[in-house]
Amino acid sequence: MSESAPAINLTPANIRADALATPGTGLRILGFAILIIAFVMGMRTPDQGLFLRTWMQSWLFVTSISLGALFFLIVHHITHAGWSVVVRRPAEAIAANLQWLWIGFLPFVFYWWKGELDFIFPWANLAALKEISLAEAELVAKKSAFLNEKFFMIRAAVYVLTWFVLARFFVGNSVAQDSDGSVAHTKKLEKWAGPAAILFGLTTSFAAFDWIMSLNPAWFSTMFGLYFFVGCCTGGFAYIGIVCLRLQSLGYLKGIITTEHYQDIGKLLFAFGVVFWAYIAFSQYMLIWYGNIPEETAWFLARQIGEWRWISVVLLFGHFILPFLFLISRWTKRWRGTLLFACVWMVAAQWFDLYYLIQPKIPHDIGAYDTYEQILAQYSNESAHFLSPWNWVLLIGFMLMLTGSTMRRLSSMGLLCIKDPRLTESLRFENM
Amino acid sequence: MTTLSPITAPVIQGNQIPRKRLYGIMAEFHDPATLMAAADKVRMAGFRWWDCHTPFPVHGLDQAMGIKRTILPVLVFGAGMTGTMIGFCLQAFTNAASFSIWALVWVTGYPFLISGKPLISLPAFIPVMFELTILLSALSAVGIMFLFNGLPRWNHPLLANKRFLRVTDDRFFIVIESRDPRFFASRTEQFLKDLGAKAVEMVEA
């Protein structure tokens, strides 16, 4: 178009954030120290199962945020997207965390080495499971070709290695383009984005099966991998929004990220984080509810007893109904205050969702009751451990590490893909 | 034939050709920037019955023309919610009602227990409610859009104009209709020329 575009400030003061390096390092060290201390103390707590499940939940929370950002990059390249070039660098900084996030899996390797993996995964000790529930142990024994400790660890290594390589590939090529300006990087990323999407889908699905679904090894849901993937999108897209808004409030990227880009982040968050999540969560629930087979419904039963009843209701309203009504309007996605509120809310909803997925335990004696009401009455005092200190200590530790590392990464690689061939298109992007 | 507009187009040749009604004045521009500036001026001059025609969407033209946001989304939301309610009532009535209603013929509910579920079980109803929400939203979005735009219409005076053909290629047009209260042929023609139009032409209805 021949009309004059407003002058865009591409000086280092606007697109370099060297000042973030020091606080970033500080937050990262603080977070790491908290996690080390928490782990040493966690090994001595009486309820190691609770500690390990909380570790899994907090670690998967930050991992899912980074995976969501990685998915954003993959989709950006697969669709040859133009609009998202200016918000790609924050997404890359978040996805780059996958290069160290594998450290969070080491406690499980440690427990495996100690032979105590069954604190969290009941299938790791079939003899103990048999004493608690013979029927469940028989079911799980049939899955032992897949659910055994050695294969489990090999798979985990494959997942974290795949994410490591994908994050390095997508971030590395983009940063390399900043210095040499070659279009070949863009071409290469676009070419490999397709296979990367397949790898991403397979690894996140199976990671969800391994790390969350197998906490209740007799239970199964074929769409569980998709459920976790949607959770990744929820956390990832919302966190991208938060990082962009925060960078601009610190005085960076002025005039580069505009209302138009924010509206699109809001749309993605609305589509994936709110509507698609509800679609998947409801589909999973309805099929199991309609089928009404005991080994499937037990999983939802565990989320309806005691305090979990209220947690489920809060999740329904907090992850779908309220954000749906809030984000459906155009102005809430375009005004920064409301978008920031929605992003923070949805990150919290993703944490809450993982808490809901990972923490509840299916009572082993549910077969002994005749009616639903009897089980509800028996377990009316079931605690959700919401106020358990592990919930908050580990969350703070991992969030500090995620935020600190993202800040460090942003400071070292700049805030804008300055040589991207579609940068001009992105700077001029407007919604119709 | 009586003419309703105060102005008639100049008669081209021969007195056997009936005088035609004037549809409006069309101004041709060669680039979107001039068009935008012109649209801004036309809006400020207080015209109401006018439009811009471009080969591609021009960003910012809506603001330059002063087009207000449509209330279409609100209506579509209402239609969607209506679909949700129809979906629920349809299933609740057919699956749980033991009374009859008159809908062209007398119909009655047929309470039937399916896999031990309550007669009104919301989870089982949601897929149909969801689909009807989508159906009514989509149909009403298209239908109301047609209504607001005065569609369908079989012809338009501008389509008979030779010069206007290039609107699908590389020309940009502003057309002020003769029914606008501020329209006065000679003055409006001069006004459009002053805005940088490369050509200004009368368009017959």
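None of the values given here were measured: they were computed from a predicted structure. (Residues numbered from 1 in each chain as written. Chains lettered and ligands numbered in written order. Predicted model: local features only at pLDDT ≥ 70, side-chain atom pairs only at ≥ 80, totals over all residues. Heavy atoms only, no water.)

A few words on the overall build of chain A. Per the secondary structure count, chain A includes 18 helices and 0 strands. Taking 22 Å as the expected radius of gyration for a compact globule of 432 residues, we find that chain A reaches 22 Å, a close match to that expectation. The C-alpha extent of chain A, read off along each of the three principal axes, is 75 × 45 × 40 Å. Out of the 432 residues belonging to chain A, those deemed buried represent 55%. (Helix = DSSP H or I, 4+ residues; strand = E, 2+ residues; numbered from the N terminus. Rg over C-alpha atoms; globule rule 2.2 N^0.38 Å. Buried < 20%, exposed > 50% of the residue type's maximum accessible area, 1.4 Å probe, protein only.)

Counted by the stated rule, this structure contains 18 salt bridges over all chains. A:Glu92 is the partner of A:Arg88 in a salt bridge, and the nearest nitrogen-oxygen pair spans 3.0 Å. Remark: A:Glu92 and A:Arg88 occur in helix H4 (residues 88-95); sequence separation between them is 4 residues, near one turn of the helix. Each of the two residues, A:Arg88 as well as A:Glu92, counts as buried. Close ionic contact of A:Asp210 with A:Arg155 constitutes a salt bridge, the shortest N to O distance being 2.6 Å. Residue A:Asp210 is located in helix H9 (residues 183-211), and its partner A:Arg155 is located in helix H8 (residues 149-180); the two are separated by 55 residues in the primary sequence. A residue is classified by how much of its surface remains accessible, and A:Arg155, at 6% relative accessible area, is buried. What emerges from the salt-bridge pattern is a single network uniting B:Glu28, B:Arg163, B:Arg166, B:Asp170, B:Arg171 and B:Glu201. (Salt bridge = Lys/Arg side-chain N within 4 Å of Asp/Glu carboxyl O.)

Residues and elements named next belong to chain A. Among the secondary structure elements, Gly-241 is positioned in helix H10 (residues 224-249). The buried category is assigned to Gly-241, whose relative accessible area is 0%. C-alpha separation for the pair Gly-241 and Leu-340, spaced 99 residues apart in sequence, amounts to 7.1 Å. In this structure, Gly-241 is in contact with Ile-265 and Cys-343, ignoring residues within four places of it in sequence. (Contact = heavy atoms within 4.5 Å.)

All names here are of chain A. Their axes nearest at 9 Å, the elements helix H11 (residues 259-291) and helix H13 (residues 308-327) cross at an angle of 135°. Between H11 and H13, the angle falls in the class oblique. Relative to H13, the crossing made by H11 is left-handed. Each of Leu-269, Phe-270, Gly-273, Val-274, Val-275, Trp-277 and Ala-278 in H11 lies in contact with H13, whose residues at this interface are Leu-315, His-319, Phe-320, Pro-323, Phe-324 and Leu-327. By residue class, the composition of the contact of H11 with H13 is 11 nonpolar, 2 polar and no charged. (Axes fitted to C-alpha atoms, helices over the stretch in contact; angles between N-to-C directions. Parallel < 35°, antiparallel > 145°, perpendicular 65-115°, else oblique. Left-handed = near helix turned anticlockwise from the far one by under 90°. Nonpolar A, V, L, I, M, F, W, Y, C, P; charged D, E, K, R; others polar.)

Each partner contributes to the interface: chain B provides 17 residues, whereas chain A provides 13 residues. When residues of chain B are sorted by the area they lose upon contact with chain A, B:His59, B:Lys117 and B:Pro123 head the list and together hold 40% of the total. Run the count over chain B and chain A and you get 0 salt bridges. Across the contact surface, chain B and chain A share 2 residue pairs in polar contact (both at pLDDT 80 or more). Among the elements of the structure, helix H1 (32-44) and helix H4 (122-148) of chain B are those that each provide at least two residues to the side of chain B that touches chain A. If you tally residues by element for the side of chain B that touches chain A, the top one is H4(B), at 5 residues. Across the side of chain B that touches chain A, the residue classes break down as 10 nonpolar, 4 polar and 3 charged. (Buried area = accessible area lost by both parts, 1.4 Å probe. Polar contact = N/O pair within 3.5 Å; in protein donor to acceptor, adjacent residues only side chain to side chain.)

What follows covers helix H3 (residues 48-78) of chain A. Here H3(A) is 31 residues long and its end C-alpha atoms lie 43 Å apart, about the 45 Å a rise of 1.5 Å per residue gives. Immediately beyond the C-terminal end of H3(A), within one or two residues, lies A:His80, with a positive phi of roughly 55°. (Expected span 1.5 Å × (residues − 1).)

All names here are of chain B. For strand E3 (residues 100-103) and strand E4 (residues 105-108), the ladder comprises 4 bridges, and the chain directions are antiparallel. Bridge pairing in E4 links Trp-102 to Trp-106. Between E3 and E4, which pair antiparallel one after the other, the connecting turn spans 1 residue, and Leu-104 there sits at a positive phi close to 70°. (Pairing = 2+ DSSP bridges.)

The next point concerns the domain arrangement of chain B. Each domain of chain B was delimited in the assignment, giving domain 1 (22-68 + 153-204) and domain 2 (72-148). Taking only C-alpha atoms into account, the centre of domain 1 of chain B sits 46 Å from that of domain 2 of chain B. (Domains from an automatic or database assignment.)

Residue and element names in this part refer to chain A. Between helix H2 (residues 21-42) and H3, the least distance of the axes is 10 Å, while the angle of their chain directions is 155°. Relative to H3, the element H2 lies roughly antiparallel. Along its contact with H2, which presents Leu-35, Ala-38, Phe-39 and Gly-42, the element H3 presents Gln-48, Phe-51 and Trp-55. Taken together, the residues that form the contact of H2 with H3 break down as 5 nonpolar, 2 polar and no charged.

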